[in-house]
Amino acid sequence: MKLKYKNIPVLLSMMCLGLTSCSDSFLDIKPEQNVAAEDAVIDLVTLQTAINGMYSKLQDSDYYGRTMYVIPELMADNLYLSSRNTGRYLEFENFVVSDRNTYAEGTWNQIYEVVVNATRAIEGGKLIEVTTAEQQKKIDQLVGEAYTVRALAHFDLVRLYAQPYNFTANATHAGVPVVSAINTNQVSPSRNNVSEVYTQINSDLAQALLLMTNQKASGYFSVSGAKALAARVALYQENNLEAIKQSTEVINTSAYSLMTNANYLKVWNTAFNSESIFEIVNTIADSEGTNSLGHFFSVAGYADALVTTELFVLYDSNDIRKSVIVQGAKPGAEKNALFVGKFPNGTKSDDNIRLFRLAEQYLIRAEAYAKEGNDMLAQQDLNLIVKRAQPNAATITDTGANLLDRILLERRKELAFEGHRLFDLNRNKKNVNIIQSENAVLVNYPNDKFILPIPLSEINANPNIKPQNNGY
C-alpha cells in the first residue's frame, strides 16, 4: 500500500485516521491496510525496504525527477520555455508564481514525504535489536543514509521556500518547519527560522558521518556523499572554512576523479562514473516516464525548456561542455533551437540523475577560498575545471571581486541545467535576468519572488504555518 499525504499535519500523523487525503504509503512493506506505523521498521530487512522507498521518493517529478532541476534554471538565465510547450512551469518563466501553483504545492508535499520517510527509518532503525556487530554496522549505514537524505530534503525546502541564509544578519528570517521526530501529538508545526533549519541539517549530517562506513556507493549515499552535501550546505551558510574542509576531504579520497576532456561525455552517458559522487537511479521500468527530465528536454519528447542563447555563447567553440547543448530545430516551433543534452537517453527516461559531482566540489572550494581571500588556491581549483573543459584555455589570474565573478560564471557553465543557477545568484545577492521565449526581465536583488510561496493548501490546513512569504 502507499499513503500519499496532502499536508504536513497529515504527514506527521503517519496514519490515515479516517482522513480522505490518505491514498498510497511510502513504506510498502506489508500489504495489510491496518499495519501500525510503529511496526513498519522491525528488522534489517524492513529497514532496507524503508530506505529503498525513501530513495524512490527522490525520483518523483515533483522533486529531483524534474522540478528541482527545472525551476532554478527557468527562473534565471539558463532555460526558457519553447513557444510550443505543454504548459508546464509557465508561471515560473513569467515570474508570476502564486500560492495556488500546483508545482510549488507538489514539490512542498513531495519533499516533506521524503523527510517523514527518512525520519520513520531513523526512528525504526534505532529500535532494531541486533545479535552481531555486522548487523549493527549495516543498520548504522542505513540509518546514516536516512539522516543524509533528511538533511538534503530540509536543505532543498529551505532553499526553495525561504530566503538565503545571509538574507538577515543572524538568519532569523522565516524558514520552513523542521521535522525531526514523528510526533502524533504535534501535527500542526510552525515555521522554524532559517538558522534553526540549518542547525538541524548540520546535526543530521554530523550524525550521518558518525554512523556510515561506506566511503563510496552506487545509487546510495556514502560518507563521501554526505561530505559533498555538507560542503554545499556550508557554502550556502558562508561558512567558508567548513566548506573548504568538507570539499577537500571529498577531493582527497581516492574514490573519485574528474573525467578527462576526451571522456567528458561519460559524465552523462555512463552510470556511476568516476566523477559521480551520488546519483539517483532510474531504469526504464522504474522512472517518471513521460514526466521525466529526459522526456521534458528531449526533442523526441516535449522539449518544453530550451537553452538560452545567452548561455550558449558563453562557451568557447572548443569547450567540451558545449557538446551537451544540442543544436537543431523543434518541429512546429523554433527553427534554431538549443536542447539540453545532459540526459542523453531522452524519452527512454532511464538516465540517472546526478546530484553530486566532483567538479562541483572543486568549484565549492574555489568559491570558499576566494571568499576567504586566498586567491591563489581559488585560482588553482578553478583552472582545473576550466582546463578540463578546454585544455588550451588561458590561465585564470583574476583576483578579488573579479575572481568571484569568474567562479560564478564557471559554476553557471559547468553546472548548467543541474538546478543551481537561481540559488547561486540569490545567495550571492545578484540581480537575476529572467530570459523568456520572446524577451527578458531583469529583477533586482533582493526580491520576494526569488523564493516560492508556502502553498495555500498548507496554510488552509495548518494555521500555525503562517506567515506566508512576503509578496504572496
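Given the structure is predicted, the values throughout are model-derived calculations rather than measurements.

## Considering the overall build of the protein chain
- Regarding its fold elements, the protein chain presents 17 helices and eight strands.
- By the compact-globule yardstick of 23 Å for 472 residues, the protein chain fits well, its C-alpha radius of gyration being 22 Å.
- Its C-alpha atoms put the protein chain at 60 × 50 × 45 Å along the principal axes.
- Per-residue burial over the protein chain gives 58% buried out of 472 residues.
- Counting only carbon and sulfur atoms, one obtains 49% of the accessible surface of the protein chain, whose full area is about 18,100 Å².
- Averaged over its 43 positive side-chain charges, the protein chain has a centre that lies 3 Å from the centre of its 51 negative ones.

## Examining the confidence of the model for the protein chain
- For the protein chain, per-residue confidence averages 92 on the pLDDT scale, and residues scoring 70 or more make up 91% of the total.
- Counting interchain partners and residues more than four positions distant, the pLDDT-below-50 stretch residues 1–37 has 89 contacts.

## Remarks on the side chain of Q59
- Take Q59: it is sitting in the loop between α2 (44–58) and α3 (67–74).
- By relative accessible area, Q59 is classed as buried at 6%.
- Within the structure, Q59 has its side chain in polar contact with the backbone oxygen of D286 (distance 3.0 Å).

## Focus: the pairing of strand β2 (residues 276–280)
- Within β2, five of the five residues are buried, leaving the element largely enclosed by the surrounding structure.
- Relative to strand β6 (residues 353–357), β2 runs antiparallel, the two sharing four bridges. Across the sheet, residue I280 finds its bridge partner in β6, namely I353.

## A word on the pairing of strand β5 (residues 337–340)
- Side-chain alternation along β5 places A337 and F339 on one buried face and L338 and V340 on a second face that is also buried.
- Sheet analysis places strand β4 (residues 325–328) next to β5, joined by four bridges and oriented antiparallel. Following the sheet pairing, I325 is matched in β5 by V340.

## Topic: empty space enclosed by the protein
- Here the structure, examined in full by the defined rule, presents six cavities of 30 Å³ or more.
- Of the pockets and cavities examined, the largest cavity occupies roughly 100 Å³.
- Secondary structure elements with two or more residues in the lining of the largest cavity: α6 (133–161) and α16 (421–427).
- The dominant element in the lining of the largest cavity, judged by the number of residues it contributes, is α16, at three residues.
- Of the residues that constitute the lining of the largest cavity, the class distribution is nine nonpolar, two polar and two charged.

Calculation notes
Residues numbered from 1 in each chain as written. Predicted model: local features only at pLDDT ≥ 70, side-chain atom pairs only at ≥ 80, totals over all residues. Heavy atoms only, no water. Helix = DSSP H or I, 4+ residues; strand = E, 2+ residues; numbered from the N terminus. Rg over C-alpha atoms; globule rule 2.2 N^0.38 Å. Buried < 20%, exposed > 50% of the residue type's maximum accessible area, 1.4 Å probe, protein only. Areas by Shrake-Rupley, 256 points an atom, 1.4 Å probe, with all protein chains shown as cover. Lys, Arg positive; Asp, Glu negative; His and termini not counted. Charge placed at Lys NZ, Arg CZ, Asp CG, Glu CD. pLDDT = per-residue confidence, 0-100. Contact = heavy atoms within 4.5 Å. Polar contact = N/O pair within 3.5 Å; in protein donor to acceptor, adjacent residues only side chain to side chain. Pairing = 2+ DSSP bridges. 1 Å grid on protein atoms, 1.4 Å probe; cavity = no way out; pocket = protein on both sides within 12 Å on 5 of 7 lines; lining within 4 Å. Points joined across faces, edges and corners; volume = space filled by probe spheres on them. Nonpolar A, V, L, I, M, F, W, Y, C, P; charged D, E, K, R; others polar.

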